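Listed below, chain by chain, are the residues.
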There are 2 protein chains.
Amino acid sequence: MLIVQKYGGSSLATTDRMKFVAEKVVETKRAGHQVVVVVSAMGKTTDNLITLAKEVHPAPPEREMDMLLSTGELVSVALLCMAIENIGEPAEGMTGYFAGIQTDSFHTKARIQKIEPSRIIEELNKGNIVVIAGFQGISPENSITTLGRGGSDLTAIAIAAAIKADMCEIYTDVEGVFTADPHIVPEARLIPEISYDEMLEMASAGAKVMQSRAVEFAKRYNIPFAVKATFGKGGGTMVKEIALKEGAAVSSVSLDEKQVKITIFRVPDRPGIASQIFTALGKENINVDVIVQNVSKESFTDISFTVNISDADKTLKIVKAIAKEIGAQDIICDTDIAKVSIIGIGMMNHPGVAGRMFDALARENINIEMISTSEIKISCVIKKSDGVKALKALHKEFIQ
Amino acid sequence: MLIVQKYGGSSLATTDRMKFVAEKVVETKRAGHQVVVVVSAMGKTTDNLITLAKEVHPAPPEREMDMLLSTGELVSVALLCMAIENIGEPAEGMTGYFAGIQTDSFHTKARIQKIEPSRIIEELNKGNIVVIAGFQGISPENSITTLGRGGSDLTAIAIAAAIKADMCEIYTDVEGVFTADPHIVPEARLIPEISYDEMLEMASAGAKVMQSRAVEFAKRYNIPFAVKATFGKGGGTMVKEIALKEGAAVSSVSLDEKQVKITIFRVPDRPGIASQIFTALGKENINVDVIVQNVSKESFTDISFTVNISDADKTLKIVKAIAKEIGAQDIICDTDIAKVSIIGIGMMNHPGVAGRMFDALARENINIEMISTSEIKISCVIKKSDGVKALKALHKEFIQ
């Protein structure tokens, strides 16, 4: 088989862990497979580099930031190659550039445009284990780009697609995907199989297992992948296309505490205004999550939406400019929020799930500020202080 | 003017120093010059990376080592660009690869084959300060190579040659070139001007100012350069072509404690044997320094030579194989040695300098184990414990 394995930063945080990962990779090769390994930066390397950058520039330019951050993965590539060669297998390390990963020019959040995997395949055919720097690529202007946090997962899945791998394994510090975050809900259980869509909704609902762009990519190209623990023996969670099945309506619940709510008051209620705001945000690659528009009063309306806290400053700047232009009244940014979600492809077959969710929250005296629904997810924005309580209540209601 | 400035690791060891260097670079630009900056890795980065490598592999493979070490300079490039942009000047950072630095395939000790500087010139013409990763290039096989310790000096001088710079400034943590190491000989004085040849002999004599390959390159292409202190105001030392002049015979004295002496006993004394040994070492890019061959006895001879301590293991391995092949008797490696040298282009006009040197050492009761002379240098290999005493005695004899 042709297998892509991805190891995250915590799996590579020390040279001892690096050696353990090398053993695991070599074991896979010696079991008769061809292996491509995608690696993240060691432990807290990326955070440390960001700290250095902020010491020399209060708002580090993004192109230079990408050059800086891309070095973290290269260190992992070089060290893992050495560790593999030390056990006696040949390894070939590659930067994102040499692995043929072409991206657009959105520095710090680039999107993969194309992978030209000929060099990867060539090295595999020579009998080498190929080790590739995750999280990075090259722009049309020949600048180093990075894919944003969690981008190494995306690298692994995109490479699996490009080389038509038989299997893609995402190794991490958790045993797989759980019905809820086990740190918050001790009763949470491992989910052996989950659909791309549920996984996607979980990612956008704040479950920290994987970045949604990676899962989207896997879904689009139908690349089944496993989420497994590096330092564990369990089978993990298989993420793949799953036909709608009978049974439980809700497969997992999750909590996202990293959102902020931005409200624009007294927006003139005429066609094209909402589009103007959200197109501008889209152009800057800002993911808007829950959007609520109030019923119009006297030709004015209030628009609220949530974005990730890391995009808050950028979003406010854009929104303020537009608000001025369109004559909106006021903008507030509320950081004291959390989002709880229930997720499950079974939901489509079970009417009344939303009602049960609102009821479960009401019983805990939790006020719902915003609601957003999709076919397989319902999210409620609540006060941050109610987050954990809400998550536990929903796990009890739907899973246990 | 078109100016190339090189800043070493200690000049960039902290973000505060980085900001200081950025100010200096911007000052140069704002004085009306075009500026290319070549940077080393921050402080002890390279040593730390080597430590990590040795933790995963007792003898890290050199190709992977190069990939690993090359990241150190990239961090400096990205951070210095940010610091420059923070003061309001545009900067463009480049890896060795993108700067067009093509090398051979001798990993960890690659030689620059060619510089294709079109991208550097393009960015200068756009009004950018160009910041380039020193110490690295790309091999014909498209692997990242490094130029060996001190390779950033070579990068700076080679780039100055390729872009026809008007001035090349090597910024470091010393005020310039001294008549002897001021840490050992407090009476040592700054030399305002020195010839390439003297500088070269000083480098090979163990003066720690600059790597000889960088000076050789400067001499070959006649690139005058200045050695100056980053955190100082002095004019430093100008290194350039200097016509032979009257005056002092000896311009500097130096001490090298990083050599080992290898002796091969009972080598069959027939033509081609010495060549066999030293060709093999040359092929592995090992610089042999002093070579002494004893007078032949009964068709056998003893050959002694010195190499840098970092090449000792590799050298012994090669020499042992050849010794076996040619039937030599025994090999010993003596690490308890030091080399003192006197250097000066004036020496050619002053007969008797060698005699004065041997006499000065004899007066201090220092035994000479090996002697090597060139037109402008005389070196003596002595016991390591006599090194400092010898250096002081020679400085007193020839300089003070």
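Structure: above.
Rules used in this analysis
Residues numbered from 1 in each chain as written. Chains lettered and ligands numbered in written order. Predicted model: local features only at pLDDT ≥ 70, side-chain atom pairs only at ≥ 80, totals over all residues. Pairing = 2+ DSSP bridges. Helix = DSSP H or I, 4+ residues; strand = E, 2+ residues; numbered from the N terminus. Axes fitted to C-alpha atoms, helices over the stretch in contact; angles between N-to-C directions. Contact = placed C-beta atoms within 7 Å. Buried ≥ 20, exposed ≤ 12 C-beta atoms within 10 Å, placed from the backbone. Nonpolar A, V, L, I, M, F, W, Y, C, P; charged D, E, K, R; others polar. Expected span 1.5 Å × (residues − 1). Least-squares fit on C-alpha atoms with pLDDT ≥ 70 in both. Parallel < 35°, antiparallel > 145°, perpendicular 65-115°, else oblique. Left-handed = near helix turned anticlockwise from the far one by under 90°. Core = buried A, V, L, I, M, F, W, Y, C linked by C-beta atoms within 7 Å.

Further remarks concern the sheet that holds strand S17 (residues 330-334) of chain A. Strand pairs in the sheet, formed through backbone hydrogen bonds, run parallel or antiparallel to each other. Residues and elements named next belong to chain A. In spatial order, the strands read S15-S16-S14-S17; together these 4 strands make up an open sheet with antiparallel pairing. Each having just a single partner strand, strand S15 (288-293) and S17 make up the two edges of the open sheet. Mean inter-strand twist for the sheet, computed between neighbouring axes without regard to direction, equals 15 degrees. The pairing of S15 with strand S16 (residues 300-308) spans 4 bridges and is classified as antiparallel. By the bridge assignment for S16, Ile291 is matched with Phe305. In the packing of helix H8 (residues 273-283) onto the sheet, the strands contacted are strand S14 (259-268), S15 and S16, and the crossing angle to S15 comes to about 165 degrees.

Time to look at the pairing of strand S13 (residues 252-256) of chain B. It is a general feature of regular strands that their side chains alternate between the two faces of the sheet. Residues and elements named next belong to chain B. The element S13 is largely enclosed, with a buried count of 5 among its 5 residues. Covered by surrounding structure in S13 are Ser252, Ser254 and Asp256 together with Val253 and Leu255, the residues of both alternating faces. Pairing analysis gives 5 bridges linking S13 to strand S18 (residues 337-343), with the strands arranged antiparallel. Considered in S18, the bridge of Asp256 is made with Lys339.

The next point concerns the interface of chain A and chain B. Frequently, the measure chosen for interface size is the accessible area that the parts lose on association. Facing 27 residues of chain A, the contacting portion of chain B comprises 27 residues. For the side of chain A that touches chain B, the secondary-structure elements that each account for two or more residues are helix H1 (15-30), helix H2 (45-56) and helix H3 (62-86) of chain A. It is H3 of chain A that contributes the most residues to the side of chain A that touches chain B, 14 residues altogether. Among the residues forming the side of chain A that touches chain B, the class breakdown is 17 nonpolar, 6 polar and 4 charged.

Our next topic: H1 of chain A. Structural remark: α-helix, 3.6 residues per turn; residues separated by three or four positions point the same way. For H1 of chain A, spanning 16 residues, the distance from its first C-alpha to its last is 22 Å, which sits close to the expected 22 Å at 1.5 Å a residue. In this structure, the buried residues of H1 of chain A make contact with strand S1 (2-7), strand S2 (34-39), H3 and strand S6 (129-133) of chain A together with helix H2 (45-56) of chain B. Where H1 of chain A ends, the next residue or the one after it, Gly32 of chain A, has phi of about 100 degrees, a positive value.

This brings us to the relation of the copies chain A and chain B. Overlaying chain A with chain B gives an RMSD of 0.1 Å, the required rotation being 179 degrees about an axis along which the chain moves by 0.1 Å. When the rotation and shift are considered jointly, the pair of chain copies conforms to a two-fold rotation axis. Ranked by how close their C-alpha atoms come to the rotation axis, the residues of chain A are headed by Thr71 of chain A, at 2.6 Å. When you check the interface residues of chain A against chain B, 100% turn up at the interface there too, and the contact is symmetric in its surfaces.

Looking now at the packing of helix H6 (residues 196-204) of chain A against helix H7 (residues 212-220) of chain A. Residue and element names in this part refer to chain A. Here H6 crosses H7 at 165 degrees, and the two axes come no closer than 9 Å. Relative to H7, the element H6 is oriented roughly antiparallel. Here the hand of the crossing between H6 and H7 comes out left-handed. Here Tyr196, Met199, Leu200, Ala203 and Ser204 of H6 lie close against H7, whose contacting residues are Ser212, Val215, Glu216, Ala218 and Lys219. Looking at side-chain class alone, the contact of H6 with H7 contains 6 nonpolar, 2 polar and 2 charged residues.

With respect to the helices, strands and loops of the structure, Lys19 of chain A is situated in helix H1. When the C-alpha atoms of Lys19 of chain A and Asn365 of chain A are compared, they prove to be 50 Å apart, with 346 residues separating the residues in sequence. In this structure Lys19 of chain A touches Ala83 of chain A together with Val56 of chain B, once residues within four positions along its chain are discounted.

Residue and element names in this part refer to chain A. End to end, helix H5 (residues 151-162) covers 16 Å across 12 residues, agreeing with the expected 16 Å (1.5 Å per residue, within 8%). Counted residue by residue, H5 has 12 buried out of 12 residues, so it is predominantly covered. Those residues of H5 that fall on the buried side of the exposure criterion are Gly151, Ser152, Asp153, Leu154, Thr155, Ala156, Ile157, Ala158, Ile159, Ala160, Ala161 and Ala162. Immediately downstream of H5, the backbone of Lys164 shows phi near 55 degrees, a positive value.

This part covers the nonpolar core. Counting residues in hydrophobic clusters, the biggest one holds 243 residues, and the most contacted among them are Leu80 and Ile157 of chain A together with Leu80 and Ile157 of chain B. In this structure, Ile157 of chain A is in contact with Cys168, Ala214, Phe217, Ala218, Ile223 and Phe225 of chain A, ignoring residues within four places of it in sequence.

Quick look at unusual backbone geometry now. All names here are of chain A. Of note, the phi angle at Asn142 is positive, near 65 degrees, even though the residue is not glycine. Here Asn142 is to be found in the loop between strand S7 (136-138) and strand S8 (144-146). A residue is classified by how many C-beta atoms lie within 10 Å of it, and Asn142, with 11 of them, is exposed. Here the phi dihedral of Asn285 falls at roughly 65 degrees; this positive angle occurs in a residue that is not glycine. If you trace the backbone, Asn285 turns up in the loop between H8 and S15. The class for Asn285 is partly exposed, based on 15 C-beta atoms found within 10 Å.

The subject of this paragraph is the sheet that holds strand S10 (residues 193-195) of chain B. Residues and elements named next belong to chain B. Taken in spatial order, the 8 strands line up as S3-S6-S2-S1-S9-S11-S12-S10 in an open sheet, and their pairing is mixed. Each of the sheet's edge strands pairs with one partner strand only, and the pair in question is strand S3 (91-94) and S10. For this sheet, the mean angle separating the axes of adjacent strands, direction not counted, is 20 degrees.

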